[in-house]
Amino acid sequence: MGRRFGLGAAAVAAVCATVAGVSSPSAVAAENSAGWPPGTMTAAKYNAAQFGMTVTQVFDAIGRDSCDGSSPNFAASTTKYTYLCWGSEPSGDIYAYANLTFTQGKLTGKSQEHLIKPVEPSMTLAKYNSITTGMPVDQAMAIANRNSCVIWSEEYPAYPSTAGHKVWFHCKAGNVLIGYARYSFTDGVLTSKNNVGLV
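Residues numbered from 1 in each chain as written. Predicted model: local features only at pLDDT ≥ 70, side-chain atom pairs only at ≥ 80, totals over all residues. Heavy atoms only, no water.

Caption draft 1: Quick look at the nonpolar core. If you look at the biggest cluster of nonpolar residues, it comprises 21 residues, and the most contacted ones within it are Met 41, Val 58, Ile 62, Tyr 83, Leu 100, Phe 102 and Leu 107. Elements represented by at least two residues in this core include exactly α4 (55-62), β2 (80-91) and β3 (94-103). For Met 41, the contacting residues outside a window of four places in its chain are Tyr 46, Ile 62, Ser 66, Cys 85, Trp 86, Gly 87, Ser 88, Ala 98 and Leu 115. Of all hydrophobic cores here, the second largest spans 17 residues; its members include Ile 131, Met 135, Cys 171 and Leu 198. (Core = buried A, V, L, I, M, F, W, Y, C linked by side-chain atoms within 4.5 Å. Buried < 20%, exposed > 50% of the residue type's maximum accessible area, 1.4 Å probe, protein only. Helix = DSSP H or I, 4+ residues; strand = E, 2+ residues; numbered from the N terminus. Contact = heavy atoms within 4.5 Å.)

Following this line, the structure appears as structure tokens:
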């Protein structure tokens, strides 16, 4: 059984909100400022959690000690259920973390914050503006510089079908401390974007 972190009301609401899909990682992060302990979730463990794995297979691969939530049997018997798994690296007043979402007991969505970092942060406002709605993902990432981006959230809502595949890219600026862009693609086409602090 994993450690119980005592989910506060805000975190419970955010985790439950993922029943409609993969939540924004930042929706649950603020709760960690109350002093939750760091965990053992890492980028390698996050990548080891593969789409289509059962709850048991995921926890056999990554361990259970840093993930809050009910038992694997509960997740397997629920239409959708999300586990919140904490890492050990602090970022401001929170720790890195991942959300793992299961549908009928199989991994269909996952998201992460601060576990995976861009290799070459270089996003700018000019690049952001050049990437427009309707653009294919390969074209958009060529403009953004794929090495400046990481996958922030990914979901296969009809797994094992790839129809409706959703992916968010988080692209970090290299010239400002907190600047970034986020791009959302559905079935390989850009559907929305936003940015903070780009110049």
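Structure's up, so let's keep going.
Caption draft 2: Looking closely at the pattern of salt bridges. Under the definition given, this model contains 3 salt bridges. Put simply, Glu 89 and Lys 117 hold a salt bridge, and the shortest N to O gap is 3.1 Å. Note that Glu 89 is positioned in strand β2 and Lys 117 in the loop between β4 (106-113) and α6 (125-130), a separation of 28 residues in sequence. Residue classification places Glu 89 among the partly exposed positions, given a relative accessible area of 42%. When the shortest N-O distance is used, the salt bridge between Arg 182 and Glu 113 registers 3.6 Å. Taken together, the positions of Arg 182 in strand β7 (residues 180-186) and Glu 113 in strand β4 put the pair 69 residues apart, joining distant regions of the chain. Using a relative accessible area of 8% as the deciding quantity, one classes Arg 182 as buried. A residue is classified by how much of its surface remains accessible, and Glu 113, at 11% relative accessible area, is buried. (Salt bridge = Lys/Arg side-chain N within 4 Å of Asp/Glu carboxyl O.)

Caption draft 3: Broad picture of the state of the cysteines. For the structure shown, the criterion picks out 2 disulfides. Residue Cys 67 pairs covalently with Cys 85 via a disulfide, S to S 2.1 Å. Taking the sign of the S-S torsion, about 110° here, the bridge from Cys 67 to Cys 85 comes out right-handed. Taken together, the residues Cys 67 in strand β1 (residues 67-68) and Cys 85 in strand β2 connect sequence positions 18 residues apart. With its bonded cysteines labelled in order along the sequence, the protein shows the pairing 1-2, 3-4. (Disulfide = S-S within 2.5 Å.)

Caption draft 4: Representation of the sheet that holds strand β6 (residues 166-172). Taking strand neighbours across the sheet as the criterion, the 8 strands line up as β1-β2-β3-β4-β5-β6-β7-β8 in an open arrangement whose pairing is antiparallel. Unpaired on one side and paired on the other, β1 and β8 (189-196) mark the two borders of the sheet. Bridge count between β3 and β4: 7 bridges; the pairing is antiparallel. Note on β4: the bridge partner recorded for Asn 99 is Ser 111. The sheet strands contacting α4 are β1, β2, β3 and β4, and the helix crosses β3 at an angle near 150°. (Pairing = 2+ DSSP bridges. Axes fitted to C-alpha atoms, helices over the stretch in contact; angles between N-to-C directions.)

Geometric descriptors of this kind do not, in isolation, establish any biological role.
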